[in-house]
Amino acid sequence: MGVAGSGKTTVASLLAEHLGVPLAEADEFHPAANIAKMSAGTPLTDEDRWPWLDAIADWIRERAHDGGGVVTCSALKRSYRDLLGRDERVFFVHLNGSRELLAERMRGRSGHFMPVSLLDSQLADLEPLAGGEPGLELDITDPPDHLAAAAARGLAEFEGAQP
């Protein structure tokens, strides 16, 4: 989880490969209307996000009964994370960094529909992981392979603590 430019896809790809499980990219679950809205520089509303989050939650439920998986998702708000983890054990990895670094990364990528102009709206909506939420926060200044390894260790600890 994390805002645009945090490295979700890169770290999730490494983690999924390490775990030997499927990877899903949350952007692939967006309806065309959401992509058009964001491409035009308009932030999504909660009403825009709920169907998208429901589709991701469906994928999580399917994978939970078939060996697990890794999915990228901004999961900006606690209510979104509650929906994503409602029916299954879900472990969140919050990739966090400075606005400056996030914006720099966003400016450096090509072919993505999310403009840098939406970064501030994402940061305004972001609710960091709170007590009782299963997960950990990682600093995106660390190399992606270190982040994936830390995520794998955190997940192993989480799974080991489950009854």
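Coordinates for the structure precede this section.
What comes next is a walk through the structure.

Criteria and cut-off values
Residues numbered from 1 in each chain as written. Predicted model: local features only at pLDDT ≥ 70, side-chain atom pairs only at ≥ 80, totals over all residues. Heavy atoms only, no water. Helix = DSSP H or I, 4+ residues; strand = E, 2+ residues; numbered from the N terminus. Buried < 20%, exposed > 50% of the residue type's maximum accessible area, 1.4 Å probe, protein only. Contact = heavy atoms within 4.5 Å. Areas by Shrake-Rupley, 256 points an atom, 1.4 Å probe, with all protein chains shown as cover. Lys, Arg positive; Asp, Glu negative; His and termini not counted. Charge placed at Lys NZ, Arg CZ, Asp CG, Glu CD. Pairing = 2+ DSSP bridges. Expected span 1.5 Å × (residues − 1). Polar contact = N/O pair within 3.5 Å; in protein donor to acceptor, adjacent residues only side chain to side chain. Core = buried A, V, L, I, M, F, W, Y, C linked by side-chain atoms within 4.5 Å. Phe/Tyr/Trp six-rings, centres within 6.5 Å; stacked < 30°, edge-to-face > 60°. Salt bridge = Lys/Arg side-chain N within 4 Å of Asp/Glu carboxyl O.

**Focus: the overall build of the protein chain**
For the protein chain, the count of helices and strands is seven helices and four strands. Listing each helix as α and each strand as β along the protein chain from the N terminus yields α-β-α-α-β-α-β-α-α-β-α. Across the 163 residues in the protein chain, those meeting the buried criterion constitute 41%. By sequence separation, contacts in the protein chain at least 24 residues apart represent 75% of the contacts at least 6 residues apart. About 8,200 Å² of surface is accessible on the protein chain, with carbon and sulfur atoms providing 51% of the total. Here the protein chain carries 15 positive and 26 negative side-chain charges, and the mean point of each set is 2 Å from the other.

**A word on the pairing of strand 3 (residues 92-96)**
Burial of strand 3 is extensive: four of the five residues sit out of reach of the surface. In terms of strand pairing, strand 3 meets strand 4 (residues 135-139) through five bridges, oriented parallel. Across the sheet, leucine 95 pairs through a bridge with leucine 138, a residue of strand 4.

**Observations regarding helix 7 (residues 144-161)**
Taking 1.5 Å of rise per residue, 18 residues should cover 26 Å, and helix 7 covers 26 Å from first to last C-alpha, within 8% of that figure. For helix 7, the elements touching its buried residues are helix 1 (8-19), strand 3 and strand 4.

**Some words on the side chain of threonine 72**
Here threonine 72 is to be found in the loop between strand 2 (70-71) and helix 4 (78-84). Under the relative-accessibility criterion, threonine 72 is labelled buried at 3%. At a separation of 3.1 Å, a polar atom in the side chain of threonine 72 contacts the side chain of glutamate 25. Here alanine 26 takes part through its backbone nitrogen, which lies 2.9 Å from a polar atom of the side chain of threonine 72. Ignoring sequence-local partners within four residues, the contact set of threonine 72 consists of Lys8, Thr9, Ala12, Leu23, Ala24, Glu25 and Ala26.

**A few points about the nonpolar core**
Of all hydrophobic cores here, the largest spans 43 residues; its most connected members are Leu53, Ile56, Cys73, Leu84, Val93, Leu95 and Leu138. When contributions to this core are tallied by element, the ones reaching two or more residues are helix 1, helix 3 (46-64), helix 4, strand 3, helix 5 (99-108), strand 4 and helix 7. The element contributing the most residues to this core is helix 7, with seven residues. Those residues in contact with cysteine 73 that sit more than four places away from it in its chain are Met1, Gly2, Lys8, Ala26, Trp52, Leu53, Ile56 and Leu84.

**A word on the packing of aromatic side chains**
One pass over the full model with this rule turns up two aromatic pairs. A centroid spacing of 5.4 Å and a plane angle of 90° characterise the contact between tryptophan 50 and tyrosine 80, whose relative ring orientation is edge-to-face. With tryptophan 50 in helix 3 and tyrosine 80 in helix 4, the pair connects residues that are 30 residues apart, well separated along the chain. An angle of 35° between the planes, with centres 5.3 Å apart, marks the rings of phenylalanine 91 and phenylalanine 158 as tilted.

**A closer look at unusual backbone geometry**
The phi dihedral of alanine 75 is positive, around 45°, even though this residue is not glycine. Checked against the element boundaries, alanine 75 lands in the loop between strand 2 and helix 4. Using a relative accessible area of 1% as the deciding quantity, one classes alanine 75 as buried.

**Overview of the pattern of salt bridges**
The full count for this structure, using the stated rule, is 10 salt bridges. We note a salt bridge from arginine 78 to glutamate 133, for which the minimum N-O separation is 3.6 Å. Of this pair, arginine 78 sits in helix 4 while glutamate 133 sits in the loop between helix 6 (119-125) and strand 4; the two residues are 55 residues apart in sequence, bridging distant segments of the chain. A cluster of three or more residues bridged by salt bridges with shared partners is formed by Asp46, Arg49, Lys77 and Asp125.

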